[in-house]
Each structure stands twice: as structure tokens, then as C-alpha cells.
Amino acid sequence: MKQLSTVLNGVLLVAVNILFLSSCTNTGNQQASVANNAQADAVFPVAYINTDSLLLNYTFAKEVNEQLMGQEEASRADFNEKAKVFQQDAVEFQRKVQNNGFLSMERAQKEQQRLAKAEQDLAQLNQQLTNALMQEQDKLNRQLRDTLMNFLDEYAKAHPYKIILSNTLGDNVLYAAEGVDITAEVTEALNARHAASK
């Protein structure tokens, strides 16, 4: 009986030791996990900017957009004026052909060739205006991007961020803790910087 009691006490002692070690290991793992998370937060802080909101509220972006729209309207007005003149000439040519308004067939052919050349010139003008507008848009977009990237380079040095993401229409960031969206702060700083540069 005494031997059974000793064996039970030994088993009980081993069980208590196992529970104690297990408890210490879990506490150690939890503390290590908390320490690792804190270290990860300290080493790798992330923020994001809602790009749509930034572009709607950043003064320079609005100015760039207005400038581009103005150029597009001017190009469209120029093209539409020339297209209207061509259309009138084509209608007049059709009217003369139907009413035998040309003195000779040779004269009608020359007018038809002139109209064909005018139509080709009009198509080329449309392509040139489109290309010029695309180049201007590309140039302005690069200026806007450079402005933003230069600002964020300085901004990140003054803040703890290692990565600043772009979030457009809620595509990239599905969840973010409070304080990770820095759009308003960045927009305000960019607008102040732009106003000071004028």
C-alpha cells in the first residue's frame, strides 16, 4: 500500500511538473508573440492613402485636371470647326453633282480629289490632336506623381512609415486599423506646400 502511495505521489508530482512547464511555455509563447508583434509594429509600420480622395482634394491635382480639360476643349473646338467646314464643302459638292453644277467632268474630279485630301487631312489632324493631348496628359500625370513621391519621401522620413500604400476605390486595403489611413493629413500637407510654392 505504501508503495502504491509513493507511485501515486510520483505520478502526481510528474503531472504537476508537466502542468507547470506547460503553463510557463504558454506564457513564454504569449509573451514572445506579444514581443514579436510589438517589434513588427515598431519595425514595419504601414499606412495607406486613398488615391481617389487625394486627387479630388489636392489643389495641384485639380489644377492639372482643369488644365487638361481646357486643352481638350480647345482641341475639340478647333477640330469641330474644321470638320464643319469640310461637311459644308461635301454637301455643296453633292448638290453641284446632282444639279450638274460643274462645267466639266474634270472640274468635278478635281473637287472630289480636293475633298478626299481635306478628309484625309482632317483625320490626320484628329490623330495629331489626340496624340498631343495624350502626351500632355502623360506629362501632367508624371508631374503629379513626382510631386506626390517627393513629398512622401520627406513625409516618411519624419514619420515611422516603412510602406505607404495606395488605395483606389477600396481595391487594395480591405481592412485597416484606425490611424493607418493618412489621406487627410497628406492632402492637407500637400495643399499647404502647393500654396506656399505659388
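Structure: see above.
Computed from a prediction, not measured in an experiment: that's the story for all the values here. (Residues numbered from 1 in each chain as written. Predicted model: local features only at pLDDT ≥ 70, side-chain atom pairs only at ≥ 80, totals over all residues. Heavy atoms only, no water.)

Chemist: When you look at helix H3 (residues 59–98) in this model, what are you seeing that I'm missing?
Modeler: Three or four residues apart is the spacing at which side chains of an α-helix point the same way, because the helix has 3.6 residues per turn. Counted at 1.5 Å a residue, the expected span for H3 with its 40 residues is 58 Å, and the 58 Å between its end C-alpha atoms agrees. Among the residues making up H3, those that are buried are Phe-60, Ala-61, Val-64, Leu-68, Ser-75, Phe-79, Phe-86 and Phe-93. Here the buried face of H3 lies against helix H2 (51–57), helix H4 (105–158) and helix H5 (183–197). Phi turns positive, to about 50°, at Asn-100, one or two residues after H3. (Helix = DSSP H or I, 4+ residues; strand = E, 2+ residues; numbered from the N terminus. Expected span 1.5 Å × (residues − 1). Buried < 20%, exposed > 50% of the residue type's maximum accessible area, 1.4 Å probe, protein only. Contact = heavy atoms within 4.5 Å.)

Chemist: Even after reading the chapter, I still don't get the packing of aromatic side chains, so can you show me in this structure?
Modeler: Aromatic rings considered in pairs are described by the distance between their centres and by the relative angle of their planes. Applying the stated criterion to the full structure yields three aromatic pairs. Taken together, the aromatic side chains of Phe-151, Tyr-155 and Tyr-161 make up a single cluster linked through ring pairs. (Phe/Tyr/Trp six-rings, centres within 6.5 Å; stacked < 30°, edge-to-face > 60°.)

Chemist: Sorry, what's going on with the layout of surface pockets here?
Modeler: Vacant regions in the atomic arrangement are exposed by a probe of water-molecule size rolled over the atoms. A volume near 350 Å³ is recorded for the largest pocket. As for the largest pocket, its lining consists of 18 residues, and the residues nearest its centre are Arg-145, Leu-148, Met-149, Leu-152 and Ser-166. Only H2, H4 and strand E2 (163–167) provide two or more residues apiece to the lining of the largest pocket. Counting residues per element, the lining of the largest pocket draws most heavily on H4, which supplies seven residues. Reported here for the second largest pocket is a volume of approximately 160 Å³. In terms of lining residues, the second largest pocket is bounded by Leu-55, Ala-61, Lys-62, Val-64, Asn-65, Leu-68, Gln-137, Asn-141 and Leu-144. (1 Å grid on protein atoms, 1.4 Å probe; cavity = no way out; pocket = protein on both sides within 12 Å on 5 of 7 lines; lining within 4 Å. Points joined across faces, edges and corners; volume = space filled by probe spheres on them.)

Chemist: Can you help me understand H5 in this one?
Modeler: Compared with an ideal rise of 1.5 Å per residue, which puts 15 residues at 21 Å, H5 spans 21 Å between its outermost C-alpha atoms and is within 8% of the ideal. The elements touched by buried residues of H5 are strand E1 (46–50), H2, H3 and H4.

Chemist: When you look at the pattern of salt bridges in this model, what are you seeing that I'm missing?
Modeler: When the charged atoms of two side chains lie near each other, side chains of opposite charge can form a pair. For the structure shown, the criterion picks out eleven salt bridges. Residue Lys-110 is joined to Glu-106 by a salt bridge in which the shortest nitrogen-to-oxygen separation is 3.7 Å. Placement of both Lys-110 and Glu-106 in helix H4 is noted, with a separation of four residues, approximately one turn of the helix. Judged on exposure class, the residue Lys-110 and its partner Glu-106 are both exposed. The partner of Glu-136 in a salt bridge is Lys-139, and the shortest N-O contact between them spans 3.6 Å. Of this pair, Glu-136 and Lys-139 both sit in helix H4, three residues apart, which is roughly one turn of that helix. Judged by its relative accessible area of 15%, Glu-136 is buried. Each of Asp-89, Glu-111 and Arg-114 takes part in salt bridges that share partners, so that together they form one network. (Salt bridge = Lys/Arg side-chain N within 4 Å of Asp/Glu carboxyl O.)

Chemist: Whenever I open this one, the packing of H4 against H5 confuses me. Can you help?
Modeler: Describing two packed helices takes the angle between their axes plus the distance from one axis to the other. In contact at an axis separation of 11 Å, H4 and H5 are set at 110° when each is read in the N-to-C sense. Judged on the interaxial angle alone, H5 and H4 are roughly perpendicular. For the pair H4 and H5, the sense of crossing is right-handed. Contact with H4, carried on its side by Thr-147, Leu-148, Asn-150, Phe-151, Leu-152, Glu-154 and Tyr-155, involves Glu-185, Val-186, Ala-189, Leu-190 and Arg-193 of H5 and no other residues of that element. Partitioned by chemical class, the residues of the contact of H4 with H5 number seven nonpolar, two polar and three charged. (Axes fitted to C-alpha atoms, helices over the stretch in contact; angles between N-to-C directions. Parallel < 35°, antiparallel > 145°, perpendicular 65-115°, else oblique. Left-handed = near helix turned anticlockwise from the far one by under 90°. Nonpolar A, V, L, I, M, F, W, Y, C, P; charged D, E, K, R; others polar.)

Chemist: Hey, could you run me through the nonpolar core in this one?
Modeler: Note that soluble globular proteins tend to have their nonpolar side chains buried in a common cluster. Judged by nonpolar contacts, the single largest core of 18 residues is most densely connected at Leu-54, Tyr-58, Leu-152, Tyr-155, Ile-182, Val-186 and Leu-190. Residue assignment for this core shows that the elements contributing at least two residues are E1, H3, H4 and H5. Looking at this core, the element that brings in the most residues is H4, giving six residues. Residues in contact with Ile-182, not counting those within four places in the same chain, are Ala-47, Tyr-48, Ile-49, Tyr-155, Tyr-161 and Ile-164. In terms of nonpolar packing, the next biggest core, distinct from the first, is built from nine residues, Phe-93, Phe-102, Leu-125 and Leu-129 among them. (Core = buried A, V, L, I, M, F, W, Y, C linked by side-chain atoms within 4.5 Å.)

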